[in-house]
Structures are given as structure tokens and as C-alpha cells.
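Each chain, letter by letter, is given below.
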Amino acid sequence: MSDQNPVFIPGPTNIPDRLRRAMMMQTRDHRAPDFVETLRPVLEQSKKVFGTKDGQIITFPASGTGGWEAAVTNTLSPGDKVLIARYGMFSHRWIDLCQRHGLDVQIIECDWGTGAPAAEFEKVLKADTTHAIKSVMVTHNETATGVLSDIGAVRRAMNAAGHPALLMVDAVSSLASVPFKMDDWGVDICVSGSQKGFMLTTGMAILAVSPKALAAMETAKLPRTFFDFRDMMKANATGGFPYTPPLQLIFGLKESLDMLFEEGLDNVYARHHRLAEGVRRAVAAWGLKLVAQSPDLYSDTVSAIYVPEGFNSNALTDHAFHAYGVSFGVGLGQMNGKAFRIGHLGMLTEVMVLSGLATIEMAMADLDYPVKLGSGVAAAQDYFRKSRADAVKSAA
Ligand SMILES: *Cc1c(COP(=O)(O)O)cnc(C)c1O
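Residues numbered from 1 in each chain as written. Predicted model: local features only at pLDDT ≥ 70, side-chain atom pairs only at ≥ 80, totals over all residues. Heavy atoms only, no water.

(A) Focus on the nonpolar core. Ranked by size, the top nonpolar core spans 99 residues in total, and within it Phe60, Val136, Phe198, Leu207 and Phe229 carry the most contacts. Ranked by residues supplied to this core, first place goes to helix H10 (residues 247–263) with eight residues. Beyond its immediate sequence surroundings of up to four residues, Val136 is in contact with Leu83, Phe121, Leu125, Val154, Met158, Ala165, Leu166, Leu167 and Met168. Counting 29 residues, the second largest nonpolar core, distinct from the first, contains Ala320, Ile360, Ala363 and Phe384. (Core = buried A, V, L, I, M, F, W, Y, C linked by side-chain atoms within 4.5 Å. Buried < 20%, exposed > 50% of the residue type's maximum accessible area, 1.4 Å probe, protein only. Helix = DSSP H or I, 4+ residues; strand = E, 2+ residues; numbered from the N terminus. Contact = heavy atoms within 4.5 Å.)

In C-alpha cells form, the structure reads like this:
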């Protein structure tokens, strides 16, 4: 089967040839003097993507999950109370990680398909007059449901309650694809990873940490060794690493940042919005429904789509893979069997998106879905042509 078919899973994402080449390099000595010149600018440049000037970039050889663990263990102590809302598989996993670390997790249960409940947070935080809650944790883009939450609204809720808790945000499937404004939103730790918006192989957790979170680190008592911010920052300060760094990923990240800045971050975000909107037009043309409950929640990086009553989304994704060699995201957790996902983030063009829509249409037709062949593709084509014409007009 061809490995040229793109994947339409919401991470890991398709790797541009330019980044594959950047990562395909011979071993170098990470204790040699020239490593200093490699690492430091990469960390510095990454700040732009997070929207931070004050934050410190800290990376670990890990996936995004390791980034969560680093965020939690470096700033909290056993028994600390934290506030999290559960509205999908990833917010659920973050809750699980906190519980396994012995934190006292106050959970707000939300419908899957909704996002971070800022008003609920405000109520809980106002009632917490002793400031027992040490951190609010929010999944920016819930990859299981295709919901993007409003982090600015969460910050306003925390301010309205006058609550000093840290604000930690999982932006693994949103960073470098949709705007992130760490400083403006008062985010204390933002967790991301290499294999989604950065278009690299899996293997690096990338965090941005505020001065306030670094201050919390001084008294945090959860045990950490591999993920200790202090060891990493101390070594990074002289251009080094506390252990063997993922050299190929560091070089890959350097090239990835170059690509993102060459296109321009605003253009990257606009492209993601355009491609996502094309997918949403297709979904509407098919007569199917998104899991995300309202347009203000729609994610520009992934769409979760309910299959019609009586169909199994796993049979659809399996069939698309076996018949056409194309991967779409399966339904996770509560959504298993009920919804499939189209990932539309990272290195993606209109052409690629149209190929994905055409493929899933064929798979649905094969399985007797009540969907008209070509309907979704045509809706996306119409939208892409119109948005291009509008862009040309506004540039003239
Ligand atoms: C992919 C993802 C993660 C991290 O997953 P890893 O497999 O550990 O990299 C965390 N949160 C969200 C929202 C994600 O999409």
C-alpha cells in the first residue's frame, strides 16, 4: 500500500518532506560546544508560537502525556486540590493522571461536545474562599470531540473570582495551528508536543511555563526526577541537557519553526480555519452532525462527526483503511462506535482535504450510508473556491 496517502487522524500528523530531511541526521555530540548554538535559539523562537515573552520554554523527550506529568509534578504537592472539567477523552486522561499523582481532583462533569465551563469555574472558585484550589486545568482543544474552548473566558472567570490558582492548559492539538496567547490569557503552563501542529515525529513534550508557575515549583513536593524543571533549566542555561537530548527532534523543531514563520503564523491559522470550514461544509452536505454542539466550539484542527443511527463508526474507519489505505480518527471513549474524526491540522492543503473527503464519501457509500457521492466534496470545493476568490479580492 502506498505511504503517500495522507493521514486524516488528529495526530500524529503528516510530516512534510522538509522536516523529514531535517530530522534525518547523523549523531552529534550533545556535549560539544556547538550544541549550545543549536538549542538556545530554538527555545527562544518557540515562545512566539505560545504567545509568550515572559514564559520559559522547557522540553522533554516524551509525548504530550509526559508534558502533563511534568506540569503537575513540578508545581503541586500530594493532596493539593485542583479543578478540572471533563468533556472528552483528553480532559478525562488529565483527570486520571492527577488522581494517580494523589491530587484531590474536583471534577465538573460536562456533556461531551461542550467545552470548558467558564461560568461554572467562576462559581466554584468564588466559593473557594480559603483558596484550597491550587490549579485549574483546561484542555484547549478536546481532540476526542473536536471542541475548542475559550481560554480567555476561563482567565476572566478566575479574575472575576479573584482566585490565585495556577491555570494549566493542554494545547497539544491546537498549538501552532490556532492562535494561542499565553501571556494575554494569563496561562501558567501550556503543554504541547512535537507530533501535531509542529508536524514532527512523536517524542518531544514542549511546555511554556510562567514566572508564577516557576515560583510554585519552589515549594511543590510531588516527586520528579526525569521531568524536573530545575535540572532542565539549569542545563539549558548553558546550552546543555541533563541527559541525552532528542537531537533529531531539536533540529526538526528548528526547521518546523522556520516553516511556520515563513508561512506566517496568521496565515497558518487562516489556512487551518479555511480547511476546517471546508470539512464542516462537507459534513453539512452529507446531512451528518458534528459532536461539537455549537459553532463557537468548532475546532479548526479536528472534526468529530456522528454517524447516522444504526451505523458503527469503527466499521467505517476500518473500511476506509482496508479499502483505500487512508486513516481517519476513530471515536474515543463515549464516542466509540458513534463518531469518527477527520483530523485537519499540520501540513495540509485544500487538495489533501478534498482527497480525504472523497475517500470517506466512497467508504460511506460502500457501507450504504444515506450520503450522496460527491456531495461533501462539492460543498468543500465551493467553499474553497469562494474563500480563494474573496482572498484575492481583499488583496487587490
Ligand atoms: C494528542 C493529545 C495529547 C497527548 O497525547 P500523547 O499521545 O501523549 O502525545 C494530549 N492532549 C490532547 C488534547 C491531545 O490531542
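(B) Fine view of the packing of aromatic side chains. One pass over the structure, following the stated rule, counts 10 aromatic pairs. Ring geometry for Phe60 and Phe229: centres 6.3 Å apart, planes at 15 degrees, overall stacked. Here the residue Phe60 occupies a position in strand S1 (residues 56–61), and Phe229 occupies one in helix H9 (residues 229–237), the gap between them amounting to 169 residues. The pair formed by Phe60 and Phe229 is uniform in burial state, with each residue classed as buried. Put simply, the rings of Phe60, Phe226, Phe227, Phe229, Phe241 and Tyr243 touch in pairs and so form one group of aromatic residues. Stacked on the ring of Phe90, the Lys or Arg Arg93 has its end atom at 5.1 Å from the ring centre. (Phe/Tyr/Trp six-rings, centres within 6.5 Å; stacked < 30°, edge-to-face > 60°. Lys NZ or Arg CZ within 6 Å of the ring centre and 35° of its normal.)

(C) How the structure looks around the pairing of strand S12 (residues 339–343). Along S12, five of the five residues are buried, which leaves the element largely enclosed by surrounding structure. Of the two faces of S12, the one carrying Ala339, Arg341 and Gly343 and the one carrying Phe340 and Ile342 are both buried. Looking at chain direction, strand S11 (residues 302–306) and S12 are connected through five bridges and run antiparallel. Paired with Ala304 across the two strands is Arg341, which belongs to S12. (Pairing = 2+ DSSP bridges.)

(D) A look at the domain arrangement of the protein chain. Parsing the protein chain into structural domains produces domain 1 (2–11 + 264–395) and domain 2 (17–261). One C-alpha centre belongs to domain 1, the other to domain 2, and the line joining them spans 28 Å. Taken together, the contact pairs 26 residues of domain 1 with 29 residues of domain 2. Each partner contributes to the roughly 2200 Å² buried at the junction of domain 1 and domain 2, and carbon and sulfur atoms together form 62% of this total. It is Leu265, Tyr269 and Leu297 in domain 1 that bury the most area against domain 2; as a group they hold 23% of the surface buried on that side. At the junction of domain 1 and domain 2, the tally comes to zero salt bridges. Joining domain 1 to domain 2, the criterion identifies 10 residue pairs in polar contact (both at pLDDT 80 or more). Counting only elements with at least two residues in the side of domain 1 that touches domain 2, the list comes to helix H11 (265–286) and S11. (Domains from an automatic or database assignment. Buried area = accessible area lost by both parts, 1.4 Å probe. Salt bridge = Lys/Arg side-chain N within 4 Å of Asp/Glu carboxyl O. Polar contact = N/O pair within 3.5 Å; in protein donor to acceptor, adjacent residues only side chain to side chain.)

(E) Local environment of the sheet that holds strand S2 (residues 81–86). Spatially, S1-S9-S8-S7-S4-S2-S3 is the arrangement adopted by the seven strands of the open sheet, whose pairing is mixed. For this open sheet the edge positions go to S1 and strand S3 (104–109), each flanked by a neighbour on one side alone. Across the sheet, the axes of successive neighbouring strands diverge by a mean angle of 20 degrees, strand direction being ignored. Sheet topology places S1 next to strand S9 (residues 204–209); six bridges connect them, and they run antiparallel. The residue of S9 that forms the bridge with Ile58 is Leu207. In the packing of helix H3 (residues 64–75) onto the sheet, contacts are made with S1, strand S4 (133–139), strand S7 (166–170), strand S8 (189–193) and S9, and the angle to S8 comes to roughly 155 degrees. In this fold helix H6 (residues 151–160) packs onto S4 and S7, with an angle of close to 165 degrees to the strand it touches most, S7. (Axes fitted to C-alpha atoms, helices over the stretch in contact; angles between N-to-C directions.)

(F) Structural context of the pattern of salt bridges. Counted according to the given criterion, the structure contains 18 salt bridges. For Glu44, the salt bridge goes to Lys47, with nearest N and O atoms at 3.5 Å. Of this pair, Glu44 and Lys47 are both found in helix H2 (residues 34–50), three residues apart, which corresponds to roughly one turn of the helix. Connected through shared salt-bridge partners, Glu277, Arg280, Arg281 and Asp300 make up one network.

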